[in-house]
Structure formats: structure tokens, C-alpha cells
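Listed here are the chains, written in short residue letters.
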Amino acid sequence: LSGSSGETSGFFQPKQDDYQKVYNQIAARLEEKDDYDDGSYGPVLVRLAWHASGTYDKETGTGGSNGATMRFAPEGDHGANAGLAAARDFLEPVKQANPWISYSDLWILAGVVAIQEMLGPQIPYRPGRKDKDIAACTPDGRLPDATQGNKHLRDIFYRMGFNDQEIVALSGAHALGRCHTDRSGFTGPWTFSPTVVTNEYYKLLLNEKWQWKNWKGPKQLEDKTTKTLMMLPTDMALVSDKSFKQWVEKYAKDNDLFFKDFSAVITKLFELGVPFAENATPMTLKPTTA
Ligand code: ZEM
């Protein structure tokens, strides 16, 4: 059996090796298509996996990565999802070559690939998500609004079932990628190495002096030294709030601790609301960089 056999689900029972093949295809595409943004689709793939997952509501069990409902207009058109068509389109040829994998498993697998290929920690992967139809689209407003502060962050992330430490660990993803004026309205990257997973986000939050950027766009901060880096109001909430800040300090000091906690919390994020089979054991998929 091969991942490219074109069989649809039902009889084809994919094994770890089949997922590793899809992993390798995504990794090869990342390597090949290096003319995007800062040289990689990696960051926007991480954002796709996060926005697919971050709609989860623990009270109703709705939303989350099981369903890939962002394929449909109501959810795909939510303001928070602006620009994520780039990530979905990047993955479409991989879906065509491996029709047995659901979009919902593929998007999360792509998040895992992106993190590992950008030299981040190992992320255990469990497949088992099924695509849902348009009726399962989540209402607008479940993802965080960058113009707000600590209360909003807690409202949004507690709804998914996270605590303060986990909110700070997840936010380290902003070591990656950048803001685009034609997507969120904000502009610029958070770090000098936006295609490598590091704890730089925390170090910069603590050690740089941040000032309001003087421009016509939405309120954001810039570093005093180079004026090339940015922070969102929600990023600054992590250092103005004592309970958050203690974790920013820990992660700034200890990259190993950040990697360990980031791996655990992103795995939790990616699995919110997914009804895995009892025997679904997490897979360790091999980075191509090793
Ligand atoms: Zn983000 N994020 N995010 N984020 N994010 C952006 C970009 C990226 C917030 C937010 O408003 C924004 C998490 C949490 C939060 C990534 C991953 C994760 C952008 C810029 C905004 C405005 C979008 C644009 O213009 O293209 C807010 C308010 C958050 C609350 C804490 C979590 C959690 C993430 C993953 C675990 C990534 C990788 C990007 C970069 C995307 C890119 O295209 O470069």
C-alpha cells in the first residue's frame, strides 16, 4: 500500500509509515517553495493548525481541529482567518496526492511538520480527525483579538481549557512569522529569526524597550533599538500581568523548558475535541533535518 495509491478512506488503513511519507512530502514542499515571505511557508502552516484548533469550546465540545470547517466560507471568511488560504492552497497538492488523509488530519500534520522542520521540539502526532460539513462551522469571535488585554486572553484560552502557564507557552509561537497589513492590519515580525523556533520571543519581550509605533495602522509596539520588530497589545499583556510574566521569565531563561512545555501544550491544542480511538497511540515522525 502506498500513500499515493489514490484509495479513499474506508478500506485503506494508513500506518505510521504512510504518515511519514506525507510528512516528507510537506517537508519537501517547504524546502522547495522558499520564495514566500521570510523564505518559508512554515509560519503560516503553524497559524493554520492553530486557527483550526483554537475555535474549541470545552462547554459545548464544538469547534477544534476535528472538522476542518475553515474550508467553508462562513469560517474561512472570518477576519481572524484572513490570509490562511495561502496555507490551505500550499497543502492542496499534498491532499490530491494522498486522498486518504482528511483535511483536518492534514492541516494538523502540516503544523507538526512546520514546527519540527523549523528546528522546534518533537511534536507527537495522532491522526483520527474527520472532516465535517458546513453546518459545523463555528461562530465568529472564538479566536483572540490582538487589540485586547489579559482579561480577554484568559476568556478565550480558558474557554479552550488552558491555564496561565499554557497561554504563555503557546504564545512562544510568535517567535515565528510576521504580521501582514493586508491580513490582520498589523505589520512586521516579532523576532530576527522568524523561520526558526526559539525562545527569542520571551527574551525580546523582557529585554527590549517597547514603544507605540507612530503610524496610521492599528495600535502596535515597536522595539526602540531597531524599530523593525513588533509586539501586539496581547503580547505585552504577558509582561504586564504578574501571573503571566513569571512564565515569560522562565521561558526566556530556559529554552529546554520552553521546548518541553511548548511541545506538550501545542499537542493539547491540536487534539482539543478530537475523539481518538482508544488504541490511537501518538506517533513520533522523523524530521528531515536530523
Ligand atoms: Zn498568532 N497572530 N495570535 N498565534 N500567529 C498572528 C500571526 C501568527 C494572535 C494574533 O492576533 C496574531 C497564537 C496566539 C495569538 C501564529 C501562531 C500563534 C498575527 C498576524 C496576529 C494578528 C496575522 C497576519 O497579519 O498575517 C493573538 C491575539 C494571539 C493570542 C495569544 C498562538 C497560540 C499560535 C500558535 C501556537 C503564527 C505562527 C503567526 C505568523 C503567521 C505568518 O503568516 O507568518
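The shown structure was predicted, so the numbers you read here are calculated from the model rather than taken from an experiment. (Residues numbered from 1 in each chain as written. Predicted model: local features only at pLDDT ≥ 70, side-chain atom pairs only at ≥ 80, totals over all residues. Heavy atoms only, no water.)

S.K.: Describe the overall build of the protein, listing the residues and the values that go with them.
M.R.: Per the secondary structure count, the protein includes 11 helices and five strands. Relative to a compact globule of 290 residues, whose C-alpha radius of gyration would be 19 Å, the protein shows 18 Å and is just as compact. Along the three orthogonal principal directions, the C-alpha set of the protein runs to about 60 × 40 × 35 Å. In the protein, which comprises 290 residues, the proportion classed as buried is 54%. (Helix = DSSP H or I, 4+ residues; strand = E, 2+ residues; numbered from the N terminus. Rg over C-alpha atoms; globule rule 2.2 N^0.38 Å. Buried < 20%, exposed > 50% of the residue type's maximum accessible area, 1.4 Å probe, protein only.)

S.K.: Please give an account of the packing of helix α6 (residues 150–160) against helix α7 (residues 164–171) that cites residues and values.
M.R.: Taken N-terminus to C-terminus, the directions of α6 and α7 make an angle of 95°; their axes are 10 Å apart at the nearest point. Looking at the two axes, α6 sits roughly perpendicular to α7. From α6, Leu153, Arg154, Phe157 and Tyr158 reach across to α7, where they touch Asp164, Ile167 and Leu170. Looking at the contact of α6 with α7, its residues break down into five nonpolar, no polar and two charged. (Axes fitted to C-alpha atoms, helices over the stretch in contact; angles between N-to-C directions. Parallel < 35°, antiparallel > 145°, perpendicular 65-115°, else oblique. Contact = heavy atoms within 4.5 Å. Nonpolar A, V, L, I, M, F, W, Y, C, P; charged D, E, K, R; others polar.)

S.K.: Help me get a handle on the coordination of the zinc atom of the ligand, residues and values and all.
M.R.: When a metal holds four donors in a tetrahedron, each ideal angle between them is 109.5 degrees; when it holds six in an octahedron, the ideal angles are 90 or 180 degrees. Among protein atoms, the single one acting as a donor to the zinc atom of the ligand is His174 (NE2), 2.2 Å away. Locating histidine 174 in the fold gives a position in the loop between α7 and β1 (178–179). (Donors = N, O, S within 2.8 Å, 3.2 Å for Na, K, Ca; no water.)

S.K.: Give a detailed account of the pattern of salt bridges, specifying residues and quantitative values.
M.R.: By the definition in use, this model includes 10 salt bridges. Of the charged contacts, one joins lysine 151 and aspartate 155 as a salt bridge, the two residues approaching to 2.8 Å between their closest N and O atoms. Within this pair, lysine 151 and its partner aspartate 155 are both found in helix α6, separated by four residues, close to a single helical turn. Since its relative accessible area comes to 58%, lysine 151 is described here as exposed. Where arginine 154 meets aspartate 164, a salt bridge forms, and the shortest distance between an N and an O atom there is 3.0 Å. In this pair, arginine 154 is assigned in helix α6 and aspartate 164 in helix α7, connecting sequence segments 10 residues apart. Look at aspartate 164 and you get buried, because its relative accessible area is 12%. When salt bridges with common partners are traced through the structure, they connect Arg154, Asp164 and Asp241 into a single cluster. (Salt bridge = Lys/Arg side-chain N within 4 Å of Asp/Glu carboxyl O.)

S.K.: Would you mind going over the domain arrangement of the protein in detail, with residue names and values included?
M.R.: As far as domains go, the protein holds domain 1 (16–142 + 267–271) and domain 2 (150–264). A C-alpha centroid distance of 21 Å is found between domain 1 and domain 2. Opposite the 29 residues of domain 1 that make contact, domain 2 presents 22 residues. When the two sides are added together, the surface that domain 1 and domain 2 hide from each other amounts to roughly 2200 Å², 60% of it contributed by carbon and sulfur. Linking domain 1 with domain 2 are two salt bridges. Glutamate 166 is the partner of lysine 268 in a salt bridge, and the nearest nitrogen-oxygen pair spans 3.1 Å. (Domains from an automatic or database assignment. Buried area = accessible area lost by both parts, 1.4 Å probe.)

S.K.: An account of the site of the ligand is needed here, citing residue identities and associated values.
M.R.: Lining the immediate surroundings of the ligand are 25 residues, of which Arg47, His174, Arg178, His180 and Ser184 lie closest. Contacts to the ligand include arginine 178, whose backbone N or O atom sits 3.0 Å from an oxygen atom. Placement of the ligand is best described as lying within the largest pocket. Contributing elements (two or more residues each) for the shell around the ligand: α2 (42–53), α6, α7 and β1. Element by element, the count of residues in the shell around the ligand is highest for α2, at five residues. (Near = heavy atom within 4 Å. Polar contact = N/O pair within 3.5 Å; in protein donor to acceptor, adjacent residues only side chain to side chain. 1 Å grid on protein atoms, 1.4 Å probe; cavity = no way out; pocket = protein on both sides within 12 Å on 5 of 7 lines; lining within 4 Å. Sits in = over half its atoms within 2 Å of the grid points.)

S.K.: Account for the side chain of glutamine 20, naming residues and giving values.
M.R.: One can find glutamine 20 in helix α1 (residues 16–32). Once you skip the residues sitting within four places of it in the chain, glutamine 20 turns out to touch Leu285 and Lys286.

S.K.: Now, about the layout of surface pockets: what can you tell me, with residues and values included?
M.R.: Of the volumes computed, that of the largest pocket is approximately 980 Å³. Forming the walls of the largest pocket are 45 residues, and the residues nearest its centre are Arg47, Trp50, His51, His174 and Leu232. Listing elements by their share of the lining of the largest pocket, those giving two or more residues are α2, α6, α7, β1, α9 (233–240) and α11 (255–271). The leading source of residues in the lining of the largest pocket is α2, at six residues. Residue classes in the lining of the largest pocket are distributed as 25 nonpolar, 13 polar and seven charged. Two domains each provide a minimum of three residues to the lining of the largest pocket, namely domain 1 (16–142 + 267–271) and domain 2 (150–264). (Points joined across faces, edges and corners; volume = space filled by probe spheres on them.)

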